[in-house]
Amino acid sequence: MLSCPPGSGYPFGIMLQRATPTRTLNVLVATPAGGTGQGGIDRVMGALKAELARSGNAAVNASFAATRGTGHIALAPFYLAGFMLKMLGLRLRGRLDLVHLNVASSGSTYRKLQIARLARLLGIPYVLHLHGAEYREFWKDDESRLSRSIKQMFEGAAATMVLGQVWRDFVAARAPGAAERIVIVPNATARPSLEHVGGGDKVHILFLGRIGDRKGVPQLGDALKRMQQLDTWRATIGGDGHVDAARTKAAELGLADRVDLPGWVGPERVAELIATADIMVLPSFAENLPMSVIEAMASGLAVVATPVGAVPDIIRDGETGLLVPVGDVEALAAALTRLVEDAPLRQRLGTAALALHRERLDLAPYADTVTKVWAGAAR
């Protein structure tokens, strides 16, 4: 049984009734690339996979398999078929007790609808893990066939994991039959592998994410343009997406010598960038709970973000970071300028963010919470 009383000590008021399985719990986790660390949820699942291996929890045997793959989208049906065959084979051999389905909008949902149907057919309980930033727009409040299918999928889940209160309320409104089985489990990250040293003589402003409109990169460029008279900062905008267009725009704004756009960066480079940054900025128009913000908090960076998705659950304005209105270039420029010019404020916000990470967003307690969700859902 899952319950959510306040003040319980679990992340954001969530408490899970302890389940003590008498044998090893066999879990199959569906994730886009099999937990290889490519993309937000895959990074989370990759970190969970590593933590479960490190902790040596004999009560849980979790395997991770891809449902979309890393290649061309045309290959996705083959990965999906392979996952479902694996699921069937494990069940027939008595080695599958629970399926964990990471779900986002569009193709992710279409794939998980098929897996959820198979799970119900085979009598396998499943946990849904909602992480899509734009799921509110995708799952419409109507009586279309898709909306009814999604509702059935959520109401048929043994448990639903969401990343914050706003998403709990959303799922409960769309699928009332799932409301009592929704658990808030924020994303988490391991503690950084590199010591935080900061940017040195220039305050280093860092953005990590897909470069495009949803993440607010055009607004970030305009904000940095407004800060051009300050000579005490530099910036890195790292990620895939519209990289060439962003480089062209940076040149047009006269920022090419102060803003580095390296394109997609792998985990090692991400760790280096965070270690040498002072400020993490994410002016998104839509998010669920972004990993870049949590990774920044883990290293004690000051964060500037927009209050979208579950971001306000972890970034409290003036306490663990600064929040600016969505699309407000002037407010974004003002917040960044304030942090560039005020080192004690950067330190105070970064210290508070670091403390919150260690209390609620660290990987070890996250893995423990997830395994408790699994145990409760499989009963």
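Nothing here was measured: the structure is a model prediction, and the numbers come from that model.

*Asks:* Could you give an account of the side chain of Glu287, with specific residues and numbers?
*Replies:* Counting through the fold element by element, Glu287 comes out in the loop between β12 (279-282) and α10 (291-298). Using a relative accessible area of 5% as the deciding quantity, one classes Glu287 as buried. Of note is the side chain of Glu287, whose polar atom sits 2.7 Å from the side chain of Lys215. At 2.7 Å, the side chain of Glu287 and the side chain of Ser284 are in polar contact.

*Asks:* Account for the packing of aromatic side chains, naming residues and giving values.
*Replies:* If you walk through the whole model with that rule in mind, you get seven aromatic pairs. Measuring from centroid to centroid gives 4.9 Å for Trp139 and Phe154, while their planes differ by 20°, and the two rings are stacked. With Trp139 in the loop between α4 (135-138) and α5 (145-155) and Phe154 in helix α5, the pair connects residues that are 15 residues apart, well separated along the chain. Its relative accessible area of 0% is what places Phe154 among the buried residues. Ring centres of Trp167 and Phe170 lie 5.9 Å apart, and the angle between their planes is 85°; this geometry places the pair in the edge-to-face category. You can see Trp167 and its partner Phe170 sitting in helix α6 (residues 165-174), three residues apart, about one turn around the helix. Overall, the relative accessible area of 2% leaves Trp167 in the buried class.

*Asks:* So what's going on with the sheet that holds strand β8 (residues 182-184)? Residues and values would help.
*Replies:* The parallel open sheet is built from six strands, whose spatial order is β4-β3-β5-β6-β7-β8. Of all the strands in the sheet, just β4 (60-66) and β8 have a single pairing partner and so form its edges. Neighbour to neighbour, the strand axes of the sheet diverge by 20° on average, direction disregarded. Pairing of strand β3 (residues 25-31) with β4 involves seven bridges; the strand directions are parallel. By the bridge assignment for β4, Ala30 is matched with Ala65. On the sheet, helix α3 (residues 107-122) packs against β3, β5 (98-103) and β6 (126-130) and is oriented at approximately 165° with respect to β5.

*Asks:* Explain unusual backbone geometry to me, and be specific about the residues and the numbers.
*Replies:* Located in the positive-phi region is Ser106, a residue other than glycine, with phi close to 60°. Ser106 gets classed as partly exposed once you look at its relative accessible area, which sits at 38%.

*Asks:* Please provide a residue-by-residue account of a positive patch on the surface, values included.
*Replies:* Side chains of Arg117, Arg120, Arg145 and Arg148 sit close together on the surface and give a patch of like positive charge. Among the elements of the structure, α3 and α5 are those that each provide at least two residues to the positive patch. Arg117 sits in the partly exposed class, given a relative accessible area of 41%.

*Asks:* Hey, could you go over helix α14 (residues 363-377) for me, with residue numbers and the actual values?
*Replies:* Compared with an ideal rise of 1.5 Å per residue, which puts 15 residues at 21 Å, α14 spans 21 Å between its outermost C-alpha atoms and is within 8% of the ideal. Among the 15 residues of α14, 12 are classified as buried, and the element is accordingly described as predominantly covered. Along α14, the positions that sit buried rather than exposed are Leu363, Tyr366, Ala367, Thr369, Val370, Thr371, Lys372, Val373, Trp374, Ala375, Gly376 and Ala377.

*Asks:* Break down the sheet that holds strand β11 (residues 259-263) for me, citing the residues and quoting the values.
*Replies:* Sheet strands pair by backbone hydrogen bonding; their relative direction is either parallel or antiparallel. If you trace the six strands from one edge of the open sheet to the other, you get β11-β10-β9-β12-β13-β14, paired in parallel fashion. Edge positions in the sheet fall to β11 and β14 (322-323), since each of these pairs with one other strand and no more. Its contacts with the sheet place α10 against β9 (203-208), β12 and β13 (302-305), and it is angled at close to 165° to β12.

*Asks:* Break down a nonpolar patch on the surface for me, with residues and values.
*Replies:* On the surface, Leu75, Phe78 and Tyr79 cluster together into a nonpolar patch covering about 320 Å² of accessible area. The residue Phe78 is located in helix α2 (residues 76-92) in this model. A relative accessible area of 63% places Phe78 in the exposed class.

*Asks:* Break down the packing of α10 against helix α13 (residues 343-361) for me, citing the residues and quoting the values.
*Replies:* At a minimum axis distance of 7 Å, the contact between α10 and α13 shows a crossing angle of 110°. Here α10 lies roughly perpendicular to α13, going by the angle between them. Packed against α10, whose contacting residues are Ile294, Met297 and Ala298, the element α13 presents Ala353, Leu354, Leu356, His357, Arg358 and Leu361 at the interface. Of the residues assigned to the contact of α10 with α13, the class counts are seven nonpolar, one polar and one charged.

*Asks:* For the pattern of salt bridges, give the residues involved together with the corresponding values.
*Replies:* A full pass over the atoms with the stated rule returns 12 salt bridges. Here Glu319 ties to Arg316 by a salt bridge, and the two come within 3.1 Å at their closest N and O atoms. Here Lys372 ties to Asp368 by a salt bridge, and the two come within 2.4 Å at their closest N and O atoms. Here Lys372 and its partner Asp368 are both found in helix α14, four residues apart, which amounts to about one turn of the helix.

*Asks:* Run through the side chain of Asp362, naming residues and quoting values.
*Replies:* Secondary-structure assignment places Asp362 in the loop between α13 and α14. Sequence-distant contacts of Asp362, that is, excluding residues within four places in its chain, are made with Ala188, Thr189, Ala190, Arg191 and His357.

Thresholds, definitions, all that
- Residues numbered from 1 in each chain as written.
- Predicted model: local features only at pLDDT ≥ 70, side-chain atom pairs only at ≥ 80, totals over all residues.
- Heavy atoms only, no water.
- Helix = DSSP H or I, 4+ residues; strand = E, 2+ residues; numbered from the N terminus.
- Buried < 20%, exposed > 50% of the residue type's maximum accessible area, 1.4 Å probe, protein only.
- Polar contact = N/O pair within 3.5 Å; in protein donor to acceptor, adjacent residues only side chain to side chain.
- Phe/Tyr/Trp six-rings, centres within 6.5 Å; stacked < 30°, edge-to-face > 60°.
- Pairing = 2+ DSSP bridges.
- Axes fitted to C-alpha atoms, helices over the stretch in contact; angles between N-to-C directions.
- Contact = heavy atoms within 4.5 Å.
- Patch = residues over 30% accessible without salt bridge, like charges linked within 9 Å, V, L, I, M, F, W, Y side chains within 5 Å.
- Areas by Shrake-Rupley, 256 points an atom, 1.4 Å probe, with all protein chains shown as cover.
- Salt bridge = Lys/Arg side-chain N within 4 Å of Asp/Glu carboxyl O.
- Lys, Arg positive; Asp, Glu negative; His and termini not counted.
- Charge placed at Lys NZ, Arg CZ, Asp CG, Glu CD.
- Expected span 1.5 Å × (residues − 1).
- Parallel < 35°, antiparallel > 145°, perpendicular 65-115°, else oblique.
- Nonpolar A, V, L, I, M, F, W, Y, C, P; charged D, E, K, R; others polar.

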